[in-house]
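Take a look at the letters that make up each chain.
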Number of protein chains: 4
Amino acid sequence: MPSTLDPRKEKIHEIIFEADTPAGKFFDVTLMILIILSVIVVMLESVDSLEDKYGKIFFALEWFFTICFTIEYGLRLYCVYRPRKYALSFFGIVDLLSIIPTYLSFLISGTQYLIVIRALRLLRIFRIFKLVQFLREGNIIVRALLASRAKILVFMLFILLMVTILGSIMYLVEAGANEQFDSIPRSIYWAIVTLTTVGYGDISPTTDFGQFLAAFVMLLGYAVIAVPTGIVSAAMMQERTNKPPPANTKSCRYCSKEGHDEDATHCKYCGEVLKEP
Amino acid sequence: MPSTLDPRKEKIHEIIFEADTPAGKFFDVTLMILIILSVIVVMLESVDSLEDKYGKIFFALEWFFTICFTIEYGLRLYCVYRPRKYALSFFGIVDLLSIIPTYLSFLISGTQYLIVIRALRLLRIFRIFKLVQFLREGNIIVRALLASRAKILVFMLFILLMVTILGSIMYLVEAGANEQFDSIPRSIYWAIVTLTTVGYGDISPTTDFGQFLAAFVMLLGYAVIAVPTGIVSAAMMQERTNKPPPANTKSCRYCSKEGHDEDATHCKYCGEVLKEP
Amino acid sequence: MPSTLDPRKEKIHEIIFEADTPAGKFFDVTLMILIILSVIVVMLESVDSLEDKYGKIFFALEWFFTICFTIEYGLRLYCVYRPRKYALSFFGIVDLLSIIPTYLSFLISGTQYLIVIRALRLLRIFRIFKLVQFLREGNIIVRALLASRAKILVFMLFILLMVTILGSIMYLVEAGANEQFDSIPRSIYWAIVTLTTVGYGDISPTTDFGQFLAAFVMLLGYAVIAVPTGIVSAAMMQERTNKPPPANTKSCRYCSKEGHDEDATHCKYCGEVLKEP
Amino acid sequence: MPSTLDPRKEKIHEIIFEADTPAGKFFDVTLMILIILSVIVVMLESVDSLEDKYGKIFFALEWFFTICFTIEYGLRLYCVYRPRKYALSFFGIVDLLSIIPTYLSFLISGTQYLIVIRALRLLRIFRIFKLVQFLREGNIIVRALLASRAKILVFMLFILLMVTILGSIMYLVEAGANEQFDSIPRSIYWAIVTLTTVGYGDISPTTDFGQFLAAFVMLLGYAVIAVPTGIVSAAMMQERTNKPPPANTKSCRYCSKEGHDEDATHCKYCGEVLKEP
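Figured I'd write up the structure that's included with this text. (Residues numbered from 1 in each chain as written. Chains lettered and ligands numbered in written order. Predicted model: local features only at pLDDT ≥ 70, side-chain atom pairs only at ≥ 80, totals over all residues. Heavy atoms only, no water.)

## Things to note about the overall build of chain A
What chain A contains, in helices and strands, is 12 helices and zero strands. Traced from its N-terminal end to its C-terminal end, chain A shows the element sequence α-α-α-α-α-α-α-α-α-α-α-α. Each of the 277 residues in chain A was classed as buried or not, and the buried ones make up 52%. The long-range share in chain A, meaning contacts at least 24 apart out of those at least 6 apart in sequence, stands at 60%. (Helix = DSSP H or I, 4+ residues; strand = E, 2+ residues; numbered from the N terminus. Buried < 20%, exposed > 50% of the residue type's maximum accessible area, 1.4 Å probe, protein only. Contact = heavy atoms within 4.5 Å.)

What follows is the structure in C-alpha cells.
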C-alpha cells in the first residue's frame, strides 16, 4: 500500500475513473457522447455515397476522436498507481484497442473500421448514471451465465460434434445432385444454419432424401433449442434468491478493482485507501 | 372532489366508459365491431385490384367510420370531469390518433393508412366482455415484463453493442468479395437478422471465412436467445405467487383511473364518488 | 343407467373401444397399422411420378382402407349405448371426417387428400400400448397449456395487434420502392414472418429505413418470444407438483367417457357398470 | 469375478481406459489430437481444390490414422476381461464405426467421408482432463433430458401429426398455383421448415390464402416452441436439487462400467477388484 498520495493524480483519478462528483460525471457523459459520435462516423464512412461526398470531414473527425481518446488513455495510465494492472484489465485493453486501428490505417488500409470496437467502451454507461438498479440486474444476468458456463460449454461441444456429423452425412447425400453442398465444411455451415433455425436458404437440400434429413435436423434443433434456455432459466431463477453485490462506482487507484461496499474506506483487495466520500 | 353531479354527463359516462350496464355493453360491442370493420376497410383499400373496383365505397366507409369516432371522441371529452387528463391518457391519445390520419390525408396523401392505429383501441376488448380472468392474466404478463424491464434493457444494450461489432467485422471480411455487404449499417442489419435467427437470406456471406464467422454468430445467437427467455420465465414464476389486482371496469369520472376494488364507493386516487352499483 | 346388457354389444365394445384384452389390443394395433398405411398411400398418391405409375393400385387401396374404416365406424356407433354422444365426441368427429373425403371425391375432385386427417386417429396410439407413463406426461403438457390458455390468448391478441400496426407502417415505408410490399395484408404477412423469426426472405425490405424498421421488429420479436416460453415454463413447473390423473383405457359404454380409477366398477359420470376386470 | 490378474493386460487397461496415471493421460491426449487431426483431414479432403492439390497426402494420412485406431481398437479388445461387453458398449461401437469406413472405401467409393463419426470419440474428452465439474454438468443435462423424454416424445408425435395435416391442407391450397408445392411429402417438408421457424424460403406460399394459412402456422409454431422449452426448463430446475453422481474415470476391467465412488475398491456392478489408487 503506497503511503504518499499525489493530490494531482488523485484529482485526475477521481474525474476520469469515478462518476460520483460533478466533474467526474461531466467527464464521463462527454466521453460517452464522443464514443457514440465516433462510432456513427465510422459507420457513415463505410457508406460509399456518403464517403464520396464527406470523406474529408469524416477523416478529420476520425483523427479528432482518436487524438482525444489517446490523451484520455495517457491520463488513465498516468493517474493510476499501477498502470500495468489497468493496461491489462478488460477496460484497459478495450481502451487501447479503440485507438490503435486509426494509427494502423496508415500501414494497412481498411483497418480504420475496426475502431467500432470503441462501442465496447459504452459498457461503462451504467457506471456514469449511477444506474444502480441496472448494475444489479446486469450482474444477475452475468452471474447466471457464469454459473451455467460449464453446462453451456458441454452443450456447445455437443452441438459442434452433432453439426460435424450431420453436415458430413448431408454432404454424402446431396453432393452429387446439388452444387451448393460442395464440401464438408460448407455442409457443416448448412447444418449450423439449420439447427439454429436461422435458415438463410442460400444452401438448401433439393433431393428427396436430403429434405427428409433436413426435416429431421430441424425437429432435432427444435428439441435442442430448449436446452440452453432451460439451463439459463434454471440459473436465473436460482440467482434471484441470492444477495446482489454492492453497486457503486468506487474504484481503487492502486489495483483498479471495483465492487467495494458503500461504507468501505480501504480497498478490500489491496488495502489501498479509497477516496473519502 | 366535485360536489355536483350532472346527471346527463353521468349517464353518458356510464354508457361510454363502463361496460357494466346493458347500454354500456351494447355501446362497447358496437364500437369494437366498427373498429374491426374500419381496420379491414383500410387493409382492403391498400390492395390495388380492390381499390380500383371499390375505391369509392372504401372512401365513403372510411369517412363514415372517422366521423363516428370523432363524435365518440367528442363525447368522451365532454362527459369526463377532467378532459385534459383523459386526453393525455394512453387510450385518450390512441383515440385521437385513430381519427387524425383521415383528416390529414387531405394534406398529405397516403397517411390514411396510418389509421390502422385504431387497432390499438381493441385493447379495450377485455373490459367489454368482463373478461376478468383475461384481465388478470394480461396483468400478470405485463407485471412480469415490467419487473424484468431493467434486465431486458441491459440485455438489449448488450445485443446492440454485439451486432455493431459483429457487423463491422463482417463488413471487413466480406466487403471485397460480396456486394451485399456494402456498408457497415447494412452489415449490422445482417448481424441482427442472423443473431435473432430470422435469417432472410437476402444478405448472406459467400466467402469461407465469412461463413465461418456467420456460423459463430449463429451459435452465439443460440446461447443468447436463452437469456431473455430465462429472464421472463423467472419473472413469470415469481409473479404467479403474487396477489392479482382487482379486475372490473369501474372508471372514475374525475381522474379516469381504473383498478378500483369491487366494493369501492370512492375513487382511491382522487376521492371522487364512483357510480353506485 | 340401462339395466340390461347386450352381451354381443358388450363384446364388440370391449374389442373396439378398449385395449386391455388380447383381442382388443390386436384390433387396435391392426387399426393403427391400417391408418399409417392409408396416410402413406395418400402422400404417395400426390407425387405425380408415382401416381402416373401406380395410380390404379393407390385408388384400390384408398377404397379398401375407406371401406374398412366405414365398417369400423358403423360398429362403433352400434356398440355404444348412446351413439349420439360418441358421434359428437372429439374422436367420433375425427373418425367420421376420416372417411368422408373419399366419398366426397366423387363429387369434388382433389378432396381425397383431406383424408390425411386420419392421422389424428393415431392419437389413440397411447391407449393401445398401455403407455401409462406417456398418457400421464401428455396430460401434464395438456393441462399446463390449458392452465395458461388465457395468457396465451391475451398474448396472441397482442401479437395480432402488433403485426397489424407494424405491417401497415412497413407498407407506408416500403410500398413505393419495393414491389414485394404491395398491400397491407401482405405487409402483415411479412411482419408475422419476421416477428416469429421464420424469415423466408420472399419478402424483405430494401430501403434503408425499411431495413432499420425490420431490425427493430426482429429485436422486438427476440424479446417477445420469451413471453410464451415463460408462460408455459411457469405452468409446467406448477403442473409437476400436482397429482396426475388415473391412466388406463377403461371406457364407459354409456357416455363414452374415460379417466376412471383402476378399481372403479361404475362410471363416475353416469353410473353405468364398467366392464369387470 | 476372475481371480487371476494378468499384469500386462492390467497395465494396458490402465493406460488405454483410464486417465488417472501420467501414461494414461498422455495416451488419451495423443488420441484426442489424432482424432481431431483425422476429422480435419477428411473435411479438407472433401474440398475439391485441396483434394486436387494434396490428394495423395490426405490419402496417406487417412490410412495412417485408420491403422493407429485399428491397433488401439485391438488393444482395447485384448485388455478387457469381457471383450464382447466392450464391443457392444456405446464407445465400443463408436470405436469400431470410426475405422470401418476407410476399409469400406475399397468397395464403395465415397464412404470414407463417414469416418467423421470419429468425432463422437471426442466425447471421451471430459474423462481425460478430469473435468469433474463438466462431467457433473453434462450429467445434469442428460438426466434432465432423460427425465423429460416421455414428454418430448409425446410432443414430437403431436408435431408430426400436425405437420402432416398442415402440409396436406397447404398442398390442396397451393398445388395449383405454385410449382414448389408439388406433392404432399414436399408440403410436409415446408410445414416443418415453417413450424420450426427455420424458414429457408426455398418453398414459400404465393397465393393469398396460402400466405394467410402460413401466417397461422407461424403463430402456432410461436406458441408451440414454448412447449419443449418449458419441459426442459422444468426438468432442469428439478435436477438442480438432486445429488450429482460420483465423477472420476475409474473403469472396471471386467464389465467396462464406470461411475464408481472415489473410495470404491470393487466394481459395484460385478464385484471385480478395481485398480488400487
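## Focus on the side chain of R186 of chain B
Relative to the assigned elements, R186 of chain B resides in helix 10 (residues 184–195). Within polar-contact distance, the side chain of R186 of chain B engages the side chain of D208 of chain C at 2.6 Å. Within the structure, R186 of chain B has its side chain in polar contact with the side chain of Q211 of chain C (distance 3.0 Å). Here R186 of chain B is in contact with Q180 and I203 of chain B together with T206, D208 and Q211 of chain C, once residues within four sequence places are set aside. (Polar contact = N/O pair within 3.5 Å; in protein donor to acceptor, adjacent residues only side chain to side chain.)

## Digging into the packing of helix 1 (residues 7–17) of chain B against helix 2 (residues 22–45) of chain B
Residue and element names in this part refer to chain B. One can describe the packing of helix 1 onto helix 2 by two numbers: an axis separation of 7 Å at closest approach and a directional angle of 50°. Considering their axes alone, helix 1 and helix 2 lie oblique with respect to each other. Facing helix 1, whose interface residues are E14, I15 and I16, helix 2 presents A23, G24, F27 and D28. Broken down by class, the residue content of the contact of helix 1 with helix 2 amounts to four nonpolar, one polar and two charged. (Axes fitted to C-alpha atoms, helices over the stretch in contact; angles between N-to-C directions. Parallel < 35°, antiparallel > 145°, perpendicular 65-115°, else oblique. Nonpolar A, V, L, I, M, F, W, Y, C, P; charged D, E, K, R; others polar.)

## Section: the pattern of salt bridges
All chains considered together, the criterion is met by 15 salt bridges over all chains. Taking the shortest distance from any N to any O, the salt bridge between D95 of chain B and R76 of chain B comes out at 3.8 Å. Here the residue D95 of chain B occupies a position in helix 5 (residues 90–97), and R76 of chain B occupies one in helix 3 (residues 48–79), the gap between them amounting to 19 residues. Classification of R76 of chain B as buried rests on a relative accessible area of 1%. Here the salt bridges share partners, and the residues they tie into one network are E72, R76 and D95 of chain A. (Salt bridge = Lys/Arg side-chain N within 4 Å of Asp/Glu carboxyl O.)

## Some remarks on the relation of the copies chain B and chain C
For the pair chain B and chain C, the best superposition has an RMSD of 0.1 Å and corresponds to a rotation of 90° with a translation of 0.0 Å parallel to the axis. What the rotation and shift describe, once combined, is the action of a four-fold rotation axis. Looking at chain B, a mere 17% of its interface residues are interface residues in chain C too, so the copies touch through different faces. (Least-squares fit on C-alpha atoms with pLDDT ≥ 70 in both.)

## Quick notes on the interface of chain A and chain B
The interface is formed by 48 residues belonging to chain A together with 46 residues belonging to chain B. For the pair chain A and chain B, the number of links is one salt bridge. Residues R186 of chain A and D208 of chain B are paired through a salt bridge, measuring 2.6 Å at the closest nitrogen-oxygen approach. Counting across the chain A and chain B interface gives seven residue pairs in polar contact (both at pLDDT 80 or more). For the side of chain A that touches chain B, the secondary-structure elements that each account for two or more residues are helix 2 (22–45), helix 7 (125–128), helix 8 (132–147), helix 9 (149–174), helix 10 (184–195), helix 11 (208–224) and helix 12 (226–241) of chain A. Across the side of chain A that touches chain B, the residue classes break down as 34 nonpolar, 10 polar and four charged.

## Some details on the interface of chain B and chain C
Each partner contributes residues to the interface: chain B has 48 residues there, and chain C has 46 residues. Summing both sides of the interface, chain B and chain C together bury roughly 4,100 Å²; the carbon and sulfur share of this comes to 75%. For the pair chain B and chain C, the interface holds one salt bridge. At the level of elements, helix 2, helix 7 (125–128), helix 8 (132–147), helix 9 (149–174), helix 10, helix 11 (208–224) and helix 12 (226–241) of chain B are the ones that each hand at least two residues to the side of chain B that touches chain C. (Buried area = accessible area lost by both parts, 1.4 Å probe.)

## Structural notes on the side chain of T196 of chain C
Among the secondary structure elements, T196 of chain C is positioned in the loop between helix 10 (184–195) and helix 11 (208–224). A residue is classified by how much of its surface remains accessible, and T196 of chain C, at 1% relative accessible area, is buried. If near-sequence neighbours (up to four positions away) are discounted, T196 of chain C is found in contact with T197, M218, L219 and Y222 of chain D.

## A short note on helix 10 of chain A
The periodicity of an α-helix, 3.6 residues per turn, causes residues three or four positions apart to be oriented the same way. End to end, helix 10 of chain A covers 16 Å across 12 residues, agreeing with the expected 16 Å (1.5 Å per residue, within 8%). Among the 12 residues that make up helix 10 of chain A, 11 are buried, leaving the element largely enclosed by the rest of the structure. Packing partners of the buried residues in helix 10 of chain A comprise helix 9 and helix 11 of chain A, helix 11 of chain B together with helix 2 (22–45) of chain D. Two residues or fewer after helix 10 of chain A comes T197 of chain A, characterised by a positive phi angle close to 60°. (Expected span 1.5 Å × (residues − 1).)

## Looking at a negative patch on the surface
A cluster of like negative charges, contributed by D48 and D52 of chain A together with E179 and D182 of chain B, occupies part of the molecular surface. Within the secondary structure, D52 of chain A sits in helix 3 (residues 48–79). (Patch = residues over 30% accessible without salt bridge, like charges linked within 9 Å, V, L, I, M, F, W, Y side chains within 5 Å. Areas by Shrake-Rupley, 256 points an atom, 1.4 Å probe, with all protein chains shown as cover. Lys, Arg positive; Asp, Glu negative; His and termini not counted. Charge placed at Lys NZ, Arg CZ, Asp CG, Glu CD.)

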